[in-house]
Amino acid sequence: MSLIRLSLHQFRNIRTCTIQLATGFNFFIGPNGSGKTNLIEAVYFLGLGRSFKPDLINQVIHNEYNELFIHGVYVNSSKLELPIGINKKHNGTKIVKIKGKSGQKISQLAKILPLQLIHPESVELLLGAPKFRRAFIDWGLFYTKPEFYNVWGRFKRLIKQRNALLKKVSNYQSLIPWDRELIILAESINTWRGQYVKSIQFMLQDILSILLPEVNIEFEYYSGWNKDFLYQSILEKNFVREKTLGYTLCGPNKADFKSYIDGVPVDRILSRGQLKLMVCALRVAQGQHLKKTTTNQCIYLIDDFASELDNNSQNRLSNCLSTIDSQIFISLINERDISKRYNKNGKVFHVKHGVITERKRKN
Ligand SMILES: Nc1ncnc2c1ncn2[C@@H]1O[C@H](COP(=O)(O)OP(=O)(O)O)[C@@H](O)[C@H]1O
Ligand SMILES: [Mg+2]
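Small disclaimer: the values here were computed from a predicted structure and weren't measured.

Caption draft 1: Structural view of the overall build of the protein. A tally of helices and strands in the protein yields ten helices and 14 strands. Computed over C-alpha atoms, the radius of gyration of the protein comes to 22 Å, within 12% of the 21 Å expected from 2.2 N^0.38 for 363 residues, which places it in the range of a compact globule. The burial tally for the protein puts 53% of its 363 residues in the buried class. Excluding contacts between residues fewer than 6 apart, the proportion of contacts in the protein whose partners are at least 24 apart in sequence is 71%. Taken as a whole, the protein presents about 17600 Å² of accessible surface, with 52% of it coming from carbon and sulfur. Placing the 52 positive and 30 negative side-chain charges of the protein at their respective mean positions leaves the two points 6 Å apart.

Caption draft 2: Quick peek at the nonpolar core. Among the nonpolar cores identified, the biggest contains 77 residues, and Phe 155, Ile 217, Tyr 231, Met 278, Leu 321 and Ile 330 are the most heavily contacted of them. If you tally residues by element for this core, the top one is helix H6 (residues 176-211), at 14 residues. Both domains that meet at this core, namely domain 1 (1-114 + 297-363) and domain 2 (123-296), each give it at least three residues. Not counting residues up to four positions away in its chain, the partners in contact with Phe 155 are Leu 182, Leu 185, Ala 186, Ile 189, Tyr 231, Pro 252 and Asn 253.

Caption draft 3: Structural context of the side chain of Arg 283. Within the secondary structure layout, Arg 283 lies in helix H9 (residues 272-293). An unpaired buried charge is present at Arg 283: no salt bridge exists, and Glu 124, the closest side chain of opposite charge, is 6.7 Å distant. If we skip the residues at most four places from it in the chain, Arg 283 touches Gln 116, Leu 117, Ile 118, Leu 125, Phe 136 and Tyr 300.

Caption draft 4: Up close: the confidence of the model for the protein. For the protein, the average pLDDT comes to 94, and 96% of its residues sit at 70 or higher. Per-residue pLDDT, averaged within each element of the protein, yields its smallest value for helix H2 (residues 106-112) (92) and its largest for strand E11 (residues 299-302) (98).

Caption draft 5: Representation of the environment of Lys 79 in the model. For Lys 79, the location among the structural elements is in the loop between strand E4 (67-75) and strand E5 (81-89). Spatially, the C-alpha atom of Lys 79 lies 9.7 Å from that of Ser 2, the residues being 77 residues apart in sequence.

Caption draft 6: Inspection of H9 at higher detail. Taking 1.5 Å as the rise per residue, H9 with 22 residues should run 32 Å; its terminal C-alpha atoms sit 31 Å apart, in good agreement. With respect to burial, H9 is a largely interior element, 17 of its 22 residues being buried.

Caption draft 7: Layout of the sheet that holds strand E3 (residues 25-29). Read from one edge of the open sheet, six strands run E7-E11-E12-E3-E13-E14, paired in mixed fashion. A strand with exactly one partner marks an edge of an open sheet, and here the two such strands are strand E7 (115-118) and strand E14 (355-358). When the angles between neighbouring strand axes are averaged without regard to direction, this sheet yields 20°. When E7 meets E11, the two strands line up parallel, connected through four bridges. By the bridge assignment for E11, Leu 115 is matched with Ile 299. With respect to the sheet, H9 is in contact with E7 and E11, its orientation differing from that of E7 by roughly 175°.

Caption draft 8: The arrangement of the pattern of salt bridges in detail. Within this structure, the stated rule accounts for 15 salt bridges. Salt-bridge contacts for Arg 162 lead to Asp 179; the nearest nitrogen and oxygen are separated by 2.7 Å. Linking Arg 162 in helix H5 (residues 148-166) with Asp 179 in helix H6, this pair joins segments that are 17 residues apart in sequence. The exposure class assigned to Arg 162 is buried, which follows from its relative accessible area of 0%. Judged by its relative accessible area of 1%, Asp 179 falls in the buried class. Put simply, Arg 272 and Glu 308 hold a salt bridge, and the shortest N to O gap is 3.3 Å. Here Arg 272, found in helix H9, pairs with Glu 308, found in the loop between E11 and helix H10 (311-321); they are 36 residues apart in sequence, far enough to count as distant. Judged by its relative accessible area of 40%, Arg 272 is partly exposed. Judged by its relative accessible area of 42%, Glu 308 is partly exposed.

Calculation rules
- Residues numbered from 1 in each chain as written.
- Chains lettered and ligands numbered in written order.
- Predicted model: local features only at pLDDT ≥ 70, side-chain atom pairs only at ≥ 80, totals over all residues.
- Heavy atoms only, no water.
- Helix = DSSP H or I, 4+ residues; strand = E, 2+ residues; numbered from the N terminus.
- Rg over C-alpha atoms; globule rule 2.2 N^0.38 Å.
- Buried < 20%, exposed > 50% of the residue type's maximum accessible area, 1.4 Å probe, protein only.
- Contact = heavy atoms within 4.5 Å.
- Areas by Shrake-Rupley, 256 points an atom, 1.4 Å probe, with all protein chains shown as cover.
- Lys, Arg positive; Asp, Glu negative; His and termini not counted.
- Charge placed at Lys NZ, Arg CZ, Asp CG, Glu CD.
- Core = buried A, V, L, I, M, F, W, Y, C linked by side-chain atoms within 4.5 Å.
- Domains from an automatic or database assignment.
- Salt bridge = Lys/Arg side-chain N within 4 Å of Asp/Glu carboxyl O.
- pLDDT = per-residue confidence, 0-100.
- Expected span 1.5 Å × (residues − 1).
- Pairing = 2+ DSSP bridges.
- Axes fitted to C-alpha atoms, helices over the stretch in contact; angles between N-to-C directions.

Set out below in structure tokens:
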């Protein structure tokens with residue numbers, strides 16, 4: 001399962017480019033500012049209809065044009081070729097095309113093209129707000145628990161309505177009809193999240209033993225409220241405070257996925273390089289869990305492979321990646337960093353001023 005062909009038009013500094021991809025490693029090598037991150041970002045955009053960079057309107061469109069196009073041909077688990085594409089216009093409109101049919105939803109694109117991104121800012125998964133870790137868990141549920149997407153969407157809408165209502169009502173009783181449904185949804189979300197975190201543990205520890213053998217990391221899922229009490233009783237108890245604040249203090253909207261070494265949060269112990277390896281372990285474990293438990297498989301996007309990593313860490317990561325048997329896009333500045341190891345089953349592309357050229361094989 002991989003993208004076998006990719007065409008970009010007017011995406012950032014890439015005016016036009018069509019490349020045939022390897023099903024294993026695809027290396028994109030070039031100096032700073034050449035367009036490597038742009039290429040990785042374009043694949044991400046094809047899968048999610050948005051960038052992983054701060055959302056500045058229309059910056060993804062080449063600054064001399066009014067729209068961009070990204071097309072890909074994806075080969076699925078039944079070996080069927082599936083053309084997918086997205087077009088974004090200057091006025092913000094996005095048109096998704098799947099199998100030649102326009103007007104499809106971005107979530108359908110995401111279903112076809114599961115992606116795992118690792119880039120220099122990925123340590124936000126460990127250093128940033130809990131929303132990044134919730135997004136991590138929910139990525140897994142999106143692909144493994146079909147009901148989750150709707151239930152979570154409904155929960156988020158209800159919380160929004162509840163927060164608006166908090167300002168208007170004078171006693172908790174008025175919220176009970178809302179909370180009845182909220183509690184049912186919260187319990188489902190919490191059960192699924194807890195089960196998911198448990199189900200990836202084995203894979204995660206296995207990959208951590210390759211990437212960070214020197215430490216023993218423990219993970220803890222936090223549901224978003226104190227599980228010694230019923231969610232309903234917490235909602236009731238918090239009413240006065242929530243009314244003053246104007247938002248709901250506890251629930252799946254506050255869930256987290258914490259990690260510790262000897263009881264101390266990892267971000268207080270690990271170096272930046274080690275944190276990056278830990279993020280890689282989480283992302284690879286999640287991708288491999290998907291591969292093991294479904295007919296789906298994800299594509300890995302690794303931007304700036306070598307950043308923050310010393311030689312030893314780079315070796316560990318490349319050893320790990322060489323065992324996962326998936327399509328991987330890797331950008332790097334120096335070819336010597338890793339690509340020589342994979343020449344046989346991968347392709348190497350040179351990137352220069354937004355032009356991407358496949359390197360011909362030496363026979
Ligand atoms: N909308 C755009 N139109 C044209 N060029 C762009 C646009 N957005 C970014 N760029 C150019 O892309 C280059 C950065 O590309 P990038 O992929 O981040 O480089 P790197 O190879 O270092 O990862 C910069 O030269 C920047 O000017
Ligand atoms: Mg870059």
